[in-house]
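Spelled out from the first residue to the last, the chains are:
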Amino acid sequence: MSRPRRHYADGPFGQIHFQELAGAASRGVPLVLLHQAPMTSGQFDRVYEPLARRGIWPIGIDLPGFGGSDPVGRVPTIADFARIVGPVLDALVLARSAILGHHTGALVATEAVLAAPDRFDALVVNGPLLVSDADRADFLANLHPWERAFGPRPHAAHMVEFFDLRDRLAAGTIAADRLSDYVVQALVGSGPFWHGHYAAFMYDHAERLALLDLPTLILTNTGDLIHEHALRASAMFPRFAYAALEGGGVDIVDQQGEAWAEAVAAFVRPDAPPRAD
């Protein structure tokens, strides 16, 4: 497996860490990849190469406070997270690119397009999040307090707790070494653990999706925790393309990497021949 090349760019909140697959630039359509929370651009480690084989130049960015990117310095919004995309494109001397976000990253990708529509040719919303008042209240009463309280405990008990949580979500489909990597990705950032999901649940994705005016794909998988949100979004915005992989979960990028890369490439670069090798 080819390893991406790591870089830093200067951004509005300090340094931005990103990585891209060396050599793909000469033949690929540039595609920014924005990760879910709490992870890093390492979420896409196993699909950089499958994307490159399909004529895509993959560029993964760590959102502020996650991975190697400096934090915002206050409680961030989705709009704050989106401000780091432009500086990465500038660092790569790219006037335009396609952009994809997964879960929290899908909201950030949407906002990045709305903030600078002249810089993007296509958008892949991999897991829209249509938060109702009831959803937001449930988040604030349940997941949010747990995330706010999450932190170091003796004998790395917090790491074990998070490993077990991710193992349950994966339902036996992800090997222990990759689950361990998920734990590292969640904890390595310099920003508070809870910032990503908090920003996501405070964001009105439906309102912002309605403003889009570029080729957009709603990408989902039937086993995703928020698959129903994608169905609702597709019904609300029939002008968007729609694709769904069967099964999987929140870790679809690892569970069905080749099929996922094929679905992405078919939309971002429809002229490319199918590749599964």
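Just so it is clear, the model here is predicted, and its values are computed rather than measured.

Cut-offs applied
- Residues numbered from 1 in each chain as written.
- Predicted model: local features only at pLDDT ≥ 70, side-chain atom pairs only at ≥ 80, totals over all residues.
- Heavy atoms only, no water.
- Core = buried A, V, L, I, M, F, W, Y, C linked by side-chain atoms within 4.5 Å.
- Buried < 20%, exposed > 50% of the residue type's maximum accessible area, 1.4 Å probe, protein only.
- Contact = heavy atoms within 4.5 Å.
- 1 Å grid on protein atoms, 1.4 Å probe; cavity = no way out; pocket = protein on both sides within 12 Å on 5 of 7 lines; lining within 4 Å.
- Points joined across faces, edges and corners; volume = space filled by probe spheres on them.
- Nonpolar A, V, L, I, M, F, W, Y, C, P; charged D, E, K, R; others polar.
- Phe/Tyr/Trp six-rings, centres within 6.5 Å; stacked < 30°, edge-to-face > 60°.
- Helix = DSSP H or I, 4+ residues; strand = E, 2+ residues; numbered from the N terminus.
- Lys NZ or Arg CZ within 6 Å of the ring centre and 35° of its normal.
- Arc of directions from axis to C-beta.
- Salt bridge = Lys/Arg side-chain N within 4 Å of Asp/Glu carboxyl O.

Explain the nonpolar core here, please?
For soluble globular proteins, nonpolar side chains are generally found buried alongside one another. Counting residues in each nonpolar core, the largest one holds 75 residues, and the members touching the most others are Leu-31, Leu-34, Leu-51, Val-85, Ile-99 and Trp-260. Among all residues touching Leu-51, those that are not within four sequence positions of it are Leu-31, Leu-33, Ile-56, Pro-58, Trp-260, Ala-261 and Val-264.

Just checking my understanding: could you explain empty space enclosed by the protein for this structure?
Regions of empty space are outlined by a rolling probe, equal in size to a water molecule, passed over the atoms. Across all of its chains, the model carries two cavities of 30 Å³ or more by this definition. Lining the largest cavity, in full, are Pro-64, Gly-65, Phe-66, Pro-71, Val-72, Arg-74, Pro-76, Phe-81, Gly-191, Pro-192 and His-195. Its residues placed into classes, the lining of the largest cavity shows seven nonpolar, three polar and one charged. Taken as a whole, the second largest cavity encloses approximately 30 Å³ of empty space. Lining the second largest cavity, in full, are Gln-36, Met-39, Gln-43, Tyr-182, Val-250, Asp-251, Val-253 and Asp-254. Partitioned by chemical class, the residues of the lining of the second largest cavity number four nonpolar, two polar and two charged.

What exactly am I supposed to notice about the packing of aromatic side chains here?
Pairs of aromatic rings are described using the distance from one ring centre to the other and the angle between the two planes. On inspection of all chains with the given rule, the structure shows 10 aromatic pairs. Aromatic side chains Phe-162 and Phe-193 sit 5.8 Å apart centroid to centroid with 85 degrees between the ring planes, which places their arrangement in the edge-to-face category. You can see Phe-162 sitting in helix H7 (residues 157–170) and its partner Phe-193 sitting in the loop between helix H8 (176–187) and helix H9 (195–201), a full 31 residues away along the chain. Note on accessibility: Phe-162 and Phe-193 belong to one class, buried. Note on Trp-194 and Tyr-198: the rings are 5.5 Å apart at their centroids and 85 degrees apart in plane angle, and the pair reads as edge-to-face. On the basis of relative accessible area, Trp-194 is assigned to the buried category, the value being 12%. The exposure class of Tyr-198 is partly exposed, given its relative accessible area of 24%. Linked through ring pairs, Trp-146, Phe-150, Phe-162 and Phe-193 together constitute an aromatic cluster. For Arg-148, the ring lying beneath its charged end belongs to Trp-194, and the centroid distance is 4.1 Å.

Quick question: what am I supposed to make of helix H11 (residues 227–236) here?
Structurally, the α-helix is built with 3.6 residues per turn, so residues lying three or four positions apart point the same way. Listed in full, the buried residues belonging to H11 are His-227, His-229, Ala-230, Ala-233 and Ser-234. In an axial view of H11, the angular spread of the buried residues amounts to 150 degrees, which keeps them on one side of the axis. On its buried face, H11 sits against helix H5 (133–141), strand E7 (216–221) and strand E8 (241–245).

Can you help me understand the side chain of His-158 in this one?
Looking at the element boundaries, His-158 is found in helix H7. Note on His-158: relative accessible area 8%, which makes it buried. With near-sequence residues (within four places) excluded, His-158 lies in contact with Phe-150, Gly-151, Pro-152, Arg-153 and Leu-187.

What's the story with the pattern of salt bridges in this structure? I'm lost.
Should the charged atoms of two oppositely charged side chains come close, the side chains can pair. Following the criterion strictly, the structure yields 13 salt bridges and no others. In this structure, Glu-262 and Arg-54 form a salt bridge, with 2.7 Å as the shortest nitrogen-oxygen distance. Of this pair, Glu-262 sits in helix H13 (residues 257–268) while Arg-54 sits in the loop between helix H1 (48–53) and strand E4 (56–61), and the two are 208 residues apart along the sequence. Since its relative accessible area comes to 3%, Arg-54 is described here as buried. Notably, a salt bridge pairs Asp-121 with Arg-96, separated by 2.6 Å at the nearest N-O pair. One end of the pair, Asp-121, is in strand E6 (residues 120–126); the other, Arg-96, is in the loop between helix H3 (85–91) and strand E5 (97–102), with 25 residues separating them in the sequence. Among the residues examined, Asp-121 registers a relative accessible area of 40% and is labelled partly exposed. Judged by relative accessible area, Arg-96 falls into the partly exposed class, the value being 36%. Taken together, the salt bridges that share partners define one network made up of Arg-53, Arg-54, Glu-258 and Glu-262.

Mind showing me how you'd approach the environment of Asp-167 here?
Note that Asp-167 resides in helix H7. The class of Asp-167 is partly exposed, set by a relative accessible area of 30%. Separated by 33 residues in sequence, Asp-167 and Ala-200 place their C-alpha atoms 23 Å apart. Those residues in contact with Asp-167 that sit more than four places away from it in its chain are Gly-172 and Leu-179.

Can you walk me through the layout of surface pockets in this structure?
The space that makes up the largest pocket amounts to roughly 690 Å³. For the lining of the largest pocket, the elements supplying multiple residues, two or more each, are H5, helix H6 (143–149), H7 and H9. Broken down by element, the lining of the largest pocket gets its largest block of residues, six residues, from H7. Classifying every residue of the lining of the largest pocket gives 17 nonpolar, six polar and six charged. Taken as a whole, the second largest pocket spans an internal volume of roughly 220 Å³. Broken down by class, the residue content of the lining of the second largest pocket amounts to two nonpolar, eight polar and six charged.

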